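Analysis of the macromolecular model
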Protein chains: 2
Amino acid sequence: MRNKPLRERIIETSLRLFETYGYHNVSVDQIVKECGTSKGGFYHHFSSKDELLYTIHDQFITYVLEKGHAAYNEWNTPTERLRAIAKSFVVMIDLYKPEVTIFYQESHYLSSDYFPNIVAKRDQYKDLIIKVLREGVECGEFHPQLPVTMAAMFIFGAVNWIYKWYKPDGKYTIETISDIYADLILRMVLSPECLSNYSFFGFLETD
Amino acid sequence: MRNKPLRERIIETSLRLFETYGYHNVSVDQIVKECGTSKGGFYHHFSSKDELLYTIHDQFITYVLEKGHAAYNEWNTPTERLRAIAKSFVVMIDLYKPEVTIFYQESHYLSSDYFPNIVAKRDQYKDLIIKVLREGVECGEFHPQLPVTMAAMFIFGAVNWIYKWYKPDGKYTIETISDIYADLILRMVLSPECLSNYSFFGFLETD
DNA sequence: GTTTGCAGACCAACTGGTCGGTCTCTTTAT
DNA sequence: ATAAAGAGACCGACCAGTTGGTCTGCAAAC
């Protein structure tokens, strides 16, 4: 930690502080003190506190987007792809809890210079889900009348919301959660024929 | 507007300002200027800017909770109840857009004095959904192995997320959205037998 | 006359950001 | 090989602006 580049140390420290206290309750002074640097050091690496927030956002959303595309390319059918994307997203929430929290809690405070960039990438992710859903409808795996845009927003919301309640040491492991969520999603979109080929929630009893 | 009680005017004004610029980007000076009062007037009705935020939160969550229980009592089967609760929640998002936005964007900035109260009421709403789901599983309308807690969080997230993208003058009316979402939810939770009794998404073609 | 509802000048604290300067390491000239 | 020169990383005292909140005053209501 001590000999990591200062820039990284600032990001890591502010990640922790922002997650705990919120962006607006953490001052630059606090950040630099906490990671043993100075105002000068901070403003040498970031042009403003706002740019730091942007950097955090961008690093995170870029990573998520990559993972999404990777999951898409790794599989060949819409059903498998949807499951893979959903699962990878849920697991990511566990790995990047602070980033996720800050991303969703503070993104509306991004200055207008940085905002469009982030929104664009977020939309790309949404479009990926829509694409998978549409391909699934076309090849008959998903329900023929599925309203794909709405379904995509529905799924996106459900999965995103996890960060609001997920606790790493809670009752359910992230793996279990991701399995359940994937099942719920598939139950929702699969066509009647494909639906009967699957058995859902087999691995646990009602709680 | 002019002759409404000052307290209400302050709330309405700050609702508008908070939604547009965010809680932290709106100063008390701005609020009092915008609704034609003064610092004295403001602090006569609210002990702090924080209490104003709490008041907004509490008014809103109390209303939502009431609506949820009303929807529950109005119907008799889990399926109808779940549909009614979901629909009423979605429609509420349209009616109370500023309140919803502020609630979800700023609730983590509530001071610790007020926070527990809000969390308690939010949990009550979550418990209501869990209750309906559990009753549905017990009477056989919903899937026997449905993980009710997870399903509740899933539904809660999906529906809540709407405020992030919904535009009153967008492509879909709030009525259409609420119908689609209710269908998606029921497809997800219904038992195989009950599922086949319904036709879903009948009212529109794939988009 | 006393309480209530509001006005607005005022303040202490804190904030993000600046700026001149130092220290270290690399490059170049001799 | 060594000295000179330059560049990049970092320091920390300082500043101007803004913020939430207070306080005295005053006019109307009871």
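In this text the structure is predicted, and so the values were computed from the model without any measurement.

So, about the protein's contact with DNA strand C. DNA strand C sits among 15 residues. The nearest are Val28, Lys39 and Lys49 of chain A together with Thr37 and His45 of chain B. The sugar-phosphate portion of DNA strand C accounts for 60% of its atoms within 4 Å of the protein, the bases making up the rest. Side-chain polar atom of lysine 49 of chain A to a phosphate oxygen of DNA strand C: 2.8 Å apart, as the coordinates give it. Between DNA strand C and the protein, one listed contact pairs a base oxygen with a backbone N or O atom of glycine 40 of chain B at 3.1 Å. Going through the elements one at a time, α3 (39–45) of chain A together with α3 (39–45) of chain B are the ones with two or more residues in the surface near DNA strand C. Broken down by element, the residue count for the surface near DNA strand C peaks at four residues, all from α3 of chain B. For the surface near DNA strand C, the per-class residue count stands at four nonpolar, eight polar and three charged.

Within the UniProt annotation, "DNA-binding region" (unreviewed entry) is assigned to residues 27–46 of chain A. A distance of 14 Å separates the end C-alpha atoms of residues 27–46 of chain A, which is 70% helix and 0% strand.

Before going further, it helps to spend a moment on the packing of aromatic side chains. The description of an aromatic ring pair uses the distance of the two centres, along with the angle that the planes make with each other. One pass over the full model with this rule turns up 28 aromatic pairs over all chains. Each ring, one from tryptophan 161 of chain A and one from tryptophan 161 of chain B, has its centre 6.3 Å from the other, and the planes form 90°; the classification is edge-to-face. Taken together, the residues span two chains, with tryptophan 161 of chain A in the loop between α8 (148–160) and α9 (162–165) and tryptophan 161 of chain B in the loop between α8 (148–160) and α9 (162–165). Here tryptophan 161 of chain A matches tryptophan 161 of chain B in class, with each residue buried. For the pair phenylalanine 60 of chain B and phenylalanine 103 of chain B, a centre-to-centre distance of 5.2 Å together with 55° between the ring planes defines the contact as tilted. Here the residue phenylalanine 60 of chain B occupies a position in helix α4 (residues 49–74), and phenylalanine 103 of chain B occupies one in helix α6 (residues 97–106), the gap between them amounting to 43 residues.

With that settled, consider the protein's contact with DNA strand D. Surrounding DNA strand D, one finds 15 residues, the nearest of these being Thr37, His44 and His45 of chain A together with Lys39 and Lys49 of chain B. For DNA strand D, the backbone makes up 52% of the atoms found within 4 Å of the protein, where backbone means sugar plus phosphate. A distance of 3.0 Å is found between a base oxygen of DNA strand D and a backbone nitrogen or oxygen belonging to glycine 40 of chain A. For the surface near DNA strand D, the secondary-structure elements that each account for two or more residues are α3 of chain A together with α3 of chain B. It is α3 of chain A that provides the largest number of residues to the surface near DNA strand D, a total of five residues. Considered class by class, the residues forming the surface near DNA strand D number four nonpolar, eight polar and three charged.

Attention now goes to the nonpolar core. Inside soluble globular proteins, nonpolar side chains tend to come together where they are buried. Counting residues in hydrophobic clusters, the biggest one holds 157 residues, and the most contacted among them are Leu133 and Leu146 of chain A together with Leu133 and Leu146 of chain B. Excluding anything up to four places from it in sequence, leucine 133 of chain B contacts Leu82, Phe142, Leu146, Val148, Ala151, Ala152, Ile155 and Val189 of chain B.

When pLDDT is averaged along chain A, the result is 93; 96% of the residues meet or exceed 70. Per-element mean pLDDT across chain A ranges from 87 in helix α11 (residues 192–197) of chain A up to 97 in α8 of chain A.

According to UniProt, the positions carrying the feature "domain: HTH tetR-type" (unreviewed entry) are residues 4–64 of chain A. With 75% helix and 0% strand, residues 4–64 of chain A has end C-alpha atoms that lie 24 Å from one another.

The next thing to look at is the relation of the copies chain B and chain A. With an RMSD of 0.1 Å, the operation that places chain B on chain A is a rotation of 180° combined with a shift of 0.0 Å along the axis. Both copies are brought into coincidence by an operation consistent with a two-fold rotation axis. The position closest to the rotation axis in chain B is occupied by the C-alpha of alanine 158 of chain B, lying 2.0 Å away. Comparing contact sets, 100% of the residues at the interface of chain B also lie at the interface in chain A, consistent with an isologous, same-surface contact.

Turning to helix α1 (residues 6–21) of chain A, a few remarks are in order. Residues and elements named next belong to chain A. Taking 1.5 Å per residue as the helical rise, α1 with its 16 residues ought to reach 22 Å, and the 22 Å between its terminal C-alpha atoms agrees with that figure. All of the buried residues along α1 are Leu6, Arg9, Ile10, Ile11, Thr13, Ser14, Leu15, Leu17 and Phe18. Taken together, the buried residues of α1 touch α2 (28–34), α3, α4 (49–74) and α6 (97–106). Just downstream of α1, glycine 22 is the residue with a positive phi angle, here 90°.

As a further point, take the layout of surface pockets. The space that makes up the largest pocket amounts to roughly 930 Å³. Every element with two or more residues in the lining of the largest pocket is listed here: α7 (115–138) and α8 of chain A together with α1 (6–21), α6 and α9 of chain B. Empty space within the second largest pocket amounts to approximately 600 Å³. Residue lining of the second largest pocket: 19 residues in total, with Tyr163, Lys164, Trp165 and Lys167 of chain A together with Arg122 of chain B positioned closest to the centre. Elements with a minimum of two residues in the lining of the second largest pocket: α6 and α9 of chain A together with α7 (115–138) and α8 of chain B. Looking at side-chain class alone, the lining of the second largest pocket contains eight nonpolar, four polar and seven charged residues.

As a further point, take the interface of chain B and chain A. Interface size is often expressed as the accessible area that is lost when the parts come together. Opposite the 46 residues of chain B that make contact, chain A presents 46 residues. Here chain B and chain A share an interface that buries about 4,200 Å² over both sides, 67% of which is from carbon and sulfur atoms. Together, Met150, Phe154 and Trp161 of chain B form the three largest contributors to the area buried by chain B at its contact with chain A, with a combined 18%. Taken together, the connections running from chain B to chain A amount to zero salt bridges. At the boundary of chain B with chain A, the tally comes to twelve residue pairs in polar contact (both at pLDDT 80 or more).

The next point concerns the domain arrangement of chain A. All names here are of chain A. Partitioning chain A into structural domains gives domain 1 (1–46) and domain 2 (48–197). Between the C-alpha centres of domain 1 and domain 2 the distance comes to 29 Å. Between domain 1 and domain 2, the contact holds 17 residues from the first and 16 residues from the second. Here domain 1 packs against domain 2, burying approximately 1,500 Å² in sum over the two surfaces, 68% of which is carbon and sulfur. Per-residue buried area on domain 1 facing domain 2 is highest for Leu15, Glu19 and Tyr23; these three make up 43% of the total on that side.

Reading guide: rules and limits
- Residues numbered from 1 in each chain as written.
- Chains lettered and ligands numbered in written order.
- Predicted model: local features only at pLDDT ≥ 70, side-chain atom pairs only at ≥ 80, totals over all residues.
- Heavy atoms only, no water.
- Near = heavy atom within 4 Å.
- Polar contact = N/O pair within 3.5 Å; in protein donor to acceptor, adjacent residues only side chain to side chain.
- Helix = DSSP H or I, 4+ residues; strand = E, 2+ residues; numbered from the N terminus.
- Nonpolar A, V, L, I, M, F, W, Y, C, P; charged D, E, K, R; others polar.
- UniProt positions renumbered as here; feature names shortened; annotations may be inferred.
- Phe/Tyr/Trp six-rings, centres within 6.5 Å; stacked < 30°, edge-to-face > 60°.
- Buried < 20%, exposed > 50% of the residue type's maximum accessible area, 1.4 Å probe, protein only.
- Core = buried A, V, L, I, M, F, W, Y, C linked by side-chain atoms within 4.5 Å.
- Contact = heavy atoms within 4.5 Å.
- pLDDT = per-residue confidence, 0-100.
- Least-squares fit on C-alpha atoms with pLDDT ≥ 70 in both.
- Expected span 1.5 Å × (residues − 1).
- 1 Å grid on protein atoms, 1.4 Å probe; cavity = no way out; pocket = protein on both sides within 12 Å on 5 of 7 lines; lining within 4 Å.
- Points joined across faces, edges and corners; volume = space filled by probe spheres on them.
- Buried area = accessible area lost by both parts, 1.4 Å probe.
- Salt bridge = Lys/Arg side-chain N within 4 Å of Asp/Glu carboxyl O.
- Domains from an automatic or database assignment.

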